[in-house]
Amino acid sequence: MVKRKFMSTRVLQPGMRIDQAILDKTGRELIAKGAYLDDFQIEYLQKKSIGGIYVSEGEPDPDEIHSLEAQLPAYTRELIEKSRVEDKNKVTLNSEVIKRVGEGVQFLYDNVHSDNFLETTNNVTGELIKAIESNNAVAVDINLIKVSDEYTFKHSVDVATMGMIIGKNYGLTDEEVHKIAISGLLHDLGKSEIPLEVLNKPGKLDDDEFALMKQHTLFGFKILKEKDAFNDDIMKGVLQHHEKMNGKGYPLGLNGDVIGKYAKILSVADIYDALVTERPYKKGFPKRDALEMILGMSVELDNKAIQSFMNSVIIFPVDSYVQLSNGELARVVENNPGYPMRPIVIGFKTGKKYNLLTDLDCASMVIE
């Protein structure tokens, strides 16, 4: 929220945002309202014996940001346009696809023994595959991942969508991407066998409840095995997505290369989505914190899957506006592949181009 404040010109500092227009005697605008002050403008105000001006403080809303950008110096606007590099093609789900996918996944989890289970699985998977193939998507804007307000269904589609994109960057074939989509959609299917009072408990599970919850991977594997219609790799993804590379996962305590590649990929997507999702018993972590936590799990998660995840996600899309830790508002002009938290931005205040990944003077700068 922006606040208006009157300040003496004697204490103005470069980068402050003026909240009034400064005109000459003929009515010509010398300093536009909303402009970021520089040393020359401050000196001009003091020489003209202007005692004080209104400045604005706080974070502007989107309309104000667009207004501010329109008032940037021409060289800054030109630098933004010259520096823009479009993001990699991102997967998009329109409202109709979201509706069909959400309803399909809910049907699967509510009707695990239906005669239409396989047909519905293929239809839902086909919707997600088309969403990727429609623009050859190789990235996902994690700010837009949301299919359903119901946690289990939303989570399953999130994991499947991210799993497909991570899989493409991991090097999976088109056929394998199709299979990992199925495995992702069904990875929590076994939770349909968990009593609702345990599944939806608003507080922390006790030891017995947690032990039962950990059985959901086995339940899901058993359901699919009985159908005798799913590939072994798909079923391994369902069974093993909570296994860890150091052998400290469940249900079998597998480690290293014994874990299937679908499970390695889905594990990263599953953990990330669980971290950022708010539940009755916990708040969701900020996306940046969740990404850093994933990076810190190199002992537990497959490193190739982690890197493929980092190559897949976009957290600050090109043309988005961000607040830097130095207090400056900036526009994202390019993302650095594999480093979603360290894009290249143009500062509004200074007109400088900051490469948050490679510029040494940006080493301690972060996006807030």
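In case you missed it, the structure is sitting above this.
The structure displayed is predicted, hence computed values, not measured ones. (Residues numbered from 1 in each chain as written. Predicted model: local features only at pLDDT ≥ 70, side-chain atom pairs only at ≥ 80, totals over all residues. Heavy atoms only, no water.)

Chemist: Describe the pairing of strand E10 (residues 344-347), and please don't skip the residues or the numbers.
Modeler: The two faces of E10 match: Ile344 and Ile346 on one face and Val345 and Gly347 on the other face are all buried. Pairing of strand E9 (residues 329-334) with E10, which is carried by 4 bridges, proceeds in the antiparallel orientation. Considered in E10, the bridge of glutamate 334 is made with isoleucine 344. Where E10 and strand E11 (residues 353-355) come together, 3 bridges link them in antiparallel fashion. Across the sheet, residue isoleucine 346 finds its bridge partner in E11, namely lysine 353. (Buried < 20%, exposed > 50% of the residue type's maximum accessible area, 1.4 Å probe, protein only. Helix = DSSP H or I, 4+ residues; strand = E, 2+ residues; numbered from the N terminus. Pairing = 2+ DSSP bridges.)

Chemist: Any details on the packing of helix H12 (residues 261-276) against helix H14 (residues 303-312)? Residues and values, ideally.
Modeler: Two elements in contact, H12 and H14, have axes separated by 9 Å at closest approach and are oriented at 55°. The pairing of H12 with H14 is recorded here as oblique in orientation. Between H12 and H14 the crossing geometry is right-handed. Contacts between H12 and H14 pair Lys264, Ile265, Val268 and Tyr272 from the former with Ala305, Ile306 and Phe309 from the latter. (Axes fitted to C-alpha atoms, helices over the stretch in contact; angles between N-to-C directions. Parallel < 35°, antiparallel > 145°, perpendicular 65-115°, else oblique. Left-handed = near helix turned anticlockwise from the far one by under 90°. Contact = heavy atoms within 4.5 Å.)

Chemist: Outline the sheet that holds E10, supporting the account with residue identities and numerical values.
Modeler: With respect to topology, 4 strands assemble into an open sheet ordered E8-E9-E10-E11, the strand pairing being antiparallel. Sheet topology places strand E8 (321-323) and E11 at the edges, where each strand pairs with a single neighbour. Taking each pair of neighbouring strands and ignoring which way they run, the sheet shows an average axis angle of 40°.

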